[in-house]
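Per-entry structural report
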Amino acid sequence: MRLTDTLPKVAPDGLPAAVLLSFLATAGLFYVNIMAALVTGLSDGLGIKPASAGLIASANVYGAAVGALAAVFLIRRIPWRVAATAALLGLIAIDLVSTRVVSVPWLTGLRACHGVVGGLLVGVAFAVIARTRSPDRVFGMLLVVQFGIGGIGLWALPPLVPHYGTGILFLALAAFSLATLAMLPFLPAYPVATESGVTAAPAPIARRPLAATLAAIFLFQAGNMGLAAFIIGLGRNAGLSQDFIGPTLAAANWLGALGSILVVAMGARFGRAKPILGSIAVTLLFTAAFWRSDLAVVYVAANIGSAIVWAFTIPYLLGLAAAFDKVGRTAALGGFCSKLGLASGPLLTGLLLDRGGYPLTIGAAVLLLLLSGLAAAWPARLLDRAVPSQD
């Protein structure tokens, strides 16, 4: 018997389990939560153009998309705890090596490899979350963890780069993975649902509603992250100081957690269509407000408001994907499309900045979010009619 088997386990559907699963899912993609600090730190620390820093960050997330896609095919073949342990050790090793690399091409390739490993970890974590009683609530807790710790990173890391170099960014990521590795033994087994002691066969999946759901996740994440990755530069371009921008982004991340806390409290009590469509409509308003970032109060309100509705909406979108299959395959596919969107947003924004500046990038974000709402409407309403609202 292994030592980890003798350790106490948390209840599968309790709040502690939701927290531990949230750390597990965050570890593989924590750099996304400090993306603005990472892009700005790479640009300042290595003396490279924002487009090059955005390319490195995008390579990290594109690699994660590949890893998440691989998880779709592996989750039924490899024990999830073994896969998670191996992935966490791999992430720590790659982050430590990254602290010594200063070449943009080499760092881009290395971060892409980091993304593949991290994406696999997140895909595995999402599959496990899909096996809980209320995935929406766990995804809500996931956003609480991401926004809370991400806010600390956005506030604390940028001022450290001039003193310690870009390596401090990767050391922070390695430390987070190490902490998650220490939590892993306390999670229960989360086996695939069984019938009469026999593992249940995968049920047929409604492909067209699932495709619309995956498109909505991709567009929503691309629209939000495309702007969020360059939000520090947007503030600077509008004449705001770093001393003002840093605390603003930290506060926005911490207050953004209120949106996901609301999801934890609500679950699917009111279905998914109303929360998703209503919150995306509000997201459009706050995103459009960034056009007046020259007004400090508007910049603050737009950051806080968009963070709250982002944290509220994405758990429902991911929960919508998870609802199509309790084995966890569609949840992993949702994670794949989420990462694909998170990677594509900064890449698109970097290209648009060279052509039309920040006003054009804000317009592109508004359009992507609008398309996301249109894509989500049908599958959300379809599922609400098929599945009664949950208390």
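For the structure, check the block above.
Rules and cut-offs
Residues numbered from 1 in each chain as written. Predicted model: local features only at pLDDT ≥ 70, side-chain atom pairs only at ≥ 80, totals over all residues. Heavy atoms only, no water. Helix = DSSP H or I, 4+ residues; strand = E, 2+ residues; numbered from the N terminus. Rg over C-alpha atoms; globule rule 2.2 N^0.38 Å. Buried < 20%, exposed > 50% of the residue type's maximum accessible area, 1.4 Å probe, protein only. Contact = heavy atoms within 4.5 Å. Areas by Shrake-Rupley, 256 points an atom, 1.4 Å probe, with all protein chains shown as cover. Polar contact = N/O pair within 3.5 Å; in protein donor to acceptor, adjacent residues only side chain to side chain. Phe/Tyr/Trp six-rings, centres within 6.5 Å; stacked < 30°, edge-to-face > 60°. Core = buried A, V, L, I, M, F, W, Y, C linked by side-chain atoms within 4.5 Å. Salt bridge = Lys/Arg side-chain N within 4 Å of Asp/Glu carboxyl O. 1 Å grid on protein atoms, 1.4 Å probe; cavity = no way out; pocket = protein on both sides within 12 Å on 5 of 7 lines; lining within 4 Å. Points joined across faces, edges and corners; volume = space filled by probe spheres on them. Nonpolar A, V, L, I, M, F, W, Y, C, P; charged D, E, K, R; others polar. Axes fitted to C-alpha atoms, helices over the stretch in contact; angles between N-to-C directions. Parallel < 35°, antiparallel > 145°, perpendicular 65-115°, else oblique. Left-handed = near helix turned anticlockwise from the far one by under 90°.

**Topic: the overall build of the chain**
Helix and strand content of the chain: 16 helices and 2 strands. Expected size for 391 residues packed as a compact globule is a radius of gyration near 21 Å; at 20 Å, the chain falls within 12% of this value. Projected onto its principal axes, the C-alpha positions of the chain cover 65 × 45 × 30 Å. Evaluated residue by residue, the chain yields a buried proportion of 57% over its 391 residues. Long-range pairs, those at least 24 residues apart, make up 86% of the contacts in the chain between residues at least 6 apart in sequence. By element, 71% of the accessible surface of the chain is carried by carbon and sulfur atoms, the whole surface being about 15700 Å².

**Digging into the side chain of Thr132**
Its place among the elements puts Thr132 in the loop between α6 (104-129) and α7 (135-156). In terms of polar contacts, Thr132 uses its side chain to reach the backbone carbonyl oxygen of Ile129, at 2.6 Å.

**A short note on the packing of aromatic side chains**
Using the criterion set out here, one finds 6 aromatic pairs in the structure. Here a set of aromatic residues connected by ring pairs shows up, and it is made of Phe23, Phe30 and Phe176.

**Section: the nonpolar core**
As a rule of thumb, nonpolar side chains are buried together in soluble globular proteins. Ranked by internal contacts, the top residues of the largest apolar core, which has 116 residues, are Leu24 and Phe126. Ranked by residue count, the leading element in this core is helix α14 (residues 296-322), at 13 residues.

**Some details on the pattern of salt bridges**
A complete count under the given rule lists 3 salt bridges for this structure. Between Asp13 and Arg133 there is a salt bridge, with the nearest N and O atoms lying 3.8 Å from each other. In this pair, Asp13 is assigned in the segment before α1 (15-27) and Arg133 in the loop between α6 and α7, connecting sequence segments 120 residues apart. The class of Arg133 is exposed, set by a relative accessible area of 68%. In this structure, the salt-bridge partner of Asp95 is Arg111, at a minimum N-O distance of 2.9 Å. Here Asp95 is found in helix α5 (residues 80-98), whereas its partner Arg111 is found in helix α6, with 16 residues between them in sequence. On the accessibility criterion, Asp95 (1% relative accessible area) is buried. The class of Arg111 is buried, set by a relative accessible area of 2%.

**Focus on empty space enclosed by the protein**
With the rule as written, the count across this model stands at 5 cavities of 30 Å³ or more. Volume-wise, the largest cavity comes out at about 570 Å³. Lining the largest cavity are 34 residues, with Val32, Phe147, Met225, Ala228 and Trp310 sitting closest to its centre. When residues of the lining of the largest cavity are traced back to their parent elements, those giving at least two are α2 (30-33), α3 (35-46), α6, α7, α10 (207-228), α12 (242-266), α14 and α15 (329-353). A class-by-class count of the residues in the lining of the largest cavity yields 23 nonpolar, 10 polar and 1 charged.

**Notes on the packing of α14 against α15**
At their nearest, the axes of α14 and α15 sit 7 Å apart, and the two run at 140 degrees to each other. As summarised for this structure, α14 and α15 are arranged oblique, according to the angle between their axes. At the point where α14 passes α15, the crossing takes the right-handed sense. Counted together, Trp310, Leu318, Ala321 and Ala322 of α14 and Thr330, Ala331, Gly334, Ser338 and Leu342 of α15 form the full contact between these two elements. In terms of residue class, the contact of α14 with α15 is made up of 6 nonpolar, 3 polar and no charged.

**What to know about the packing of α7 against α12**
Across the interface, α7 lies against α12 with an axial gap of 8 Å and an inter-helix angle of 170 degrees. Between α7 and α12, the angle is such that the two are roughly antiparallel. Counted by class, the contact of α7 with α12 contains 17 nonpolar, 7 polar and 2 charged residues.

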